[in-house]
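Breakdown of the fold
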Amino acid sequence: DTAVSQTPKYLVTQMGNDKSIKCEQNLGHDTMYWYKQDSKKFLKIMFSYNNKELIINETVPNRFSPKSPDKAHLNLHINSLELGDSAVYFCASSQSMWGSEAFFGQGTRLTVV
Amino acid sequence: AQTVTQSQPEMSVQEAETVTLSCTYDTSESDYYLFWYKQPPSRQMILVIRQEAYKQQNATENRFSVNFQKAAKSFSLKISDSQLGDAAMYFCAYRTISNTGNQFYFGTGTSLTVIP
């Protein structure tokens, strides 16, 4: 059983489209994250949720909107996609806000053309 | 703000040899966690090893060990008996345990090549 699973694994779409990435964890963790990995492999936090509550909302465009229907799910919706949104997006979870390690999904490679 | 620095963008090691990857960090916190993650070409982020700052003993996981120097804010990873499967991008990461932050801070990564 995959601990943190993201779908889709690859996403190719045209500029201006709206797309969603889904994330689910079956670890019973309270805290979930979205990280963006750019072309230089740098990982930057986008959002963090704890028990469905938004905790961290870094400086990302309003076109990015996370949604957590329950603590096992954290989805990422992106409106009006731009070329610069092309990156790998990672979902992750940890036991709590002050828990130790994060467990990552396999990443979603988003390509905007 | 917390920062994590990996000064070696690329490293290479001969198979079966030992290699050390460097990491330094900046924080005013006294209690925190440090991690090394491995990202092979498959893209999956895999936890290699973790260290709690309050523990003086260096963490070890099989062929992987760390040299944690709290005063110097240094956290290096030693890989012994390197194997071809160790080839990957390695990220050092920091996490506070205080309620002032709830995220992992990552370094820029070190790309490790293992030469057969």
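All of the points below concern the structure found in this document. Values in this document were obtained by computation on a predicted structure and should not be read as measured data.

Here is what the cut-offs are and how they apply
- Residues numbered from 1 in each chain as written.
- Chains lettered and ligands numbered in written order.
- Predicted model: local features only at pLDDT ≥ 70, side-chain atom pairs only at ≥ 80, totals over all residues.
- Heavy atoms only, no water.
- Core = buried A, V, L, I, M, F, W, Y, C linked by side-chain atoms within 4.5 Å.
- Buried < 20%, exposed > 50% of the residue type's maximum accessible area, 1.4 Å probe, protein only.
- Helix = DSSP H or I, 4+ residues; strand = E, 2+ residues; numbered from the N terminus.
- Contact = heavy atoms within 4.5 Å.
- Pairing = 2+ DSSP bridges.
- Lys, Arg positive; Asp, Glu negative; His and termini not counted.
- Salt bridge = Lys/Arg side-chain N within 4 Å of Asp/Glu carboxyl O.
- Disulfide = S-S within 2.5 Å.

What follows covers the nonpolar core. Within the largest apolar cluster, 25 residues are counted, with the highest numbers of intra-cluster contacts made by B:Tyr25, B:Trp36, B:Phe75, B:Leu77 and B:Tyr90. Breaking this core down by element, the ones donating at least two residues are β3 (19-21), β5 (32-39), β6 (46-52), β8 (64-69), β9 (74-79), β10 (88-96) and β12 (110-115) of chain B. Looking at this core, the element that brings in the most residues is β10(B), giving four residues. Contact partners of B:Phe75, with chain neighbours within four places excluded, come to B:Cys23, B:Tyr25, B:Leu34, B:Phe35, B:Trp36, B:Gln51, B:Val66, B:Asn67, B:Phe68 and B:Cys92. Of all hydrophobic cores here, the second largest spans 20 residues; its members include A:Met32, A:Phe47, A:Leu74 and A:Ala87.

Here is the key point about a regular strand: its side chains alternate between the two faces of the sheet. Residues and elements named next belong to chain A. Note: strand β5 (residues 43-50) against strand β6 (residues 53-57), four bridges, orientation antiparallel. Bridged to Phe47 within β6 is Asn57. Turn length for the β5-β6 hairpin, with the two strands adjacent in sequence and antiparallel, is two residues, and the turn residue Asn51 shows positive phi of about 50°.

Here we take up the side chain of B:Arg43. Residue placement: B:Arg43 occurs in the loop between β5 and β6. Here B:Arg43 sits buried without a salt bridge, and the closest side chain of opposite charge, A:Asp38, lies 13 Å off (N-O distance). Aside from chain neighbours lying at most four places away, what touches B:Arg43 is A:Lys9, A:Tyr10, A:Val88, A:Phe90, A:Gln106, A:Gly107, A:Thr108 and A:Arg109.

Applying the stated criterion across every chain yields a total of two disulfides over all chains. The side chain of A:Cys23 participates in a disulfide bridge whose partner is A:Cys91; the two sulfur atoms lie 1.8 Å from each other. Given an S-S torsion of about -75°, the disulfide between A:Cys23 and A:Cys91 has left-handed geometry. Of this pair, A:Cys23 sits in strand β3 (residues 19-25) while A:Cys91 is found in strand β9 (residues 87-94), placing the two residues 68 residues apart along the sequence. Given the relative accessible area of 1%, A:Cys23 is considered buried. On the basis of relative accessible area, A:Cys91 is assigned to the buried category, the value being 0%. With its sulfur 2.0 Å from that of its partner, B:Cys23 forms a disulfide with B:Cys92. Across the disulfide from B:Cys23 to B:Cys92, rotation about the S-S bond amounts to roughly -70°, and the bridge is consequently left-handed. Taken together, the residues B:Cys23 in the loop between β3 and β4 (24-26) and B:Cys92 in strand β10 connect sequence positions 69 residues apart.

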